[in-house]
Amino acid sequence: MTRTEMLRLRKYLNDKFESNKFSLEQPSTKDDDCLEVNYDGEFIGVIYKDEDEGEISYAFQMAILEMDLPSAADASLI
């Protein structure tokens, strides 16, 4: 992706989630159609670019590990 796309996507994420902690990087594989998403320096997912019939969209994919979730017994979930 271009630098302009990276900057626009970073601004979108930070504005949408009322934060300034999102950053984007080109992956080490040099895949032109994806970016690594970091939050406060921690890798959290990937943004993929899709072009179909002249329209461009971006998909954010984030995996959440079960071990990172709060305990099911956590009273603050209620």
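A quick note: this is a predicted structure, and the numbers were derived from the prediction, not measured.

1. What about the nonpolar core?
The nonpolar side chains of a soluble globular protein tend to be buried, and buried together.
Inference 1: In this structure, Met 1, Met 6, Leu 9, Leu 13, Phe 22, Leu 24, Leu 35, Val 37, Ile 44 and Ile 47 together form the largest nonpolar core, which totals ten residues.
Inference 2: Element by element, the count of residues in this core is highest for helix α1 (residues 3–16), at three residues.

2. Remarks on a nonpolar patch on the surface
Inference 1: Together, Phe 60, Met 62, Ile 64 and Leu 69 make up a nonpolar patch on the protein surface, roughly 390 Å² of accessible area in all.
Inference 2: Mapped onto the secondary structure, Met 62 falls in the segment after β4 (55–61).

3. Concerning the sheet that holds strand β3 (residues 42–52)
Inference 1: Taken in spatial order, the four strands of this open sheet run β1-β2-β3-β4, and their pairing is antiparallel. Strands with a single pairing partner mark the edges of an open sheet, and in this sheet they are β1 (22–25) and β4. Taken over all neighbouring pairs, the strand axes of this sheet differ in orientation by 30 degrees on average, direction set aside.
Inference 2: Relative to β4, β3 is paired through seven bridges, and the arrangement is antiparallel. If you follow Asp 50 over to β4, its bridge partner there is Ser 57.
Inference 3: Of the strands in this sheet, β1, β2 (34–39), β3 and β4 touch α1, which is tilted by about 155 degrees from β1.

Criteria and cut-off values
Residues numbered from 1 in each chain as written. Predicted model: local features only at pLDDT ≥ 70, side-chain atom pairs only at ≥ 80, totals over all residues. Heavy atoms only, no water. Core = buried A, V, L, I, M, F, W, Y, C linked by side-chain atoms within 4.5 Å. Buried < 20%, exposed > 50% of the residue type's maximum accessible area, 1.4 Å probe, protein only. Helix = DSSP H or I, 4+ residues; strand = E, 2+ residues; numbered from the N terminus. Patch = residues over 30% accessible without salt bridge, like charges linked within 9 Å, V, L, I, M, F, W, Y side chains within 5 Å. Areas by Shrake-Rupley, 256 points an atom, 1.4 Å probe, with all protein chains shown as cover. Salt bridge = Lys/Arg side-chain N within 4 Å of Asp/Glu carboxyl O. Pairing = 2+ DSSP bridges. Axes fitted to C-alpha atoms, helices over the stretch in contact; angles between N-to-C directions. Contact = heavy atoms within 4.5 Å.

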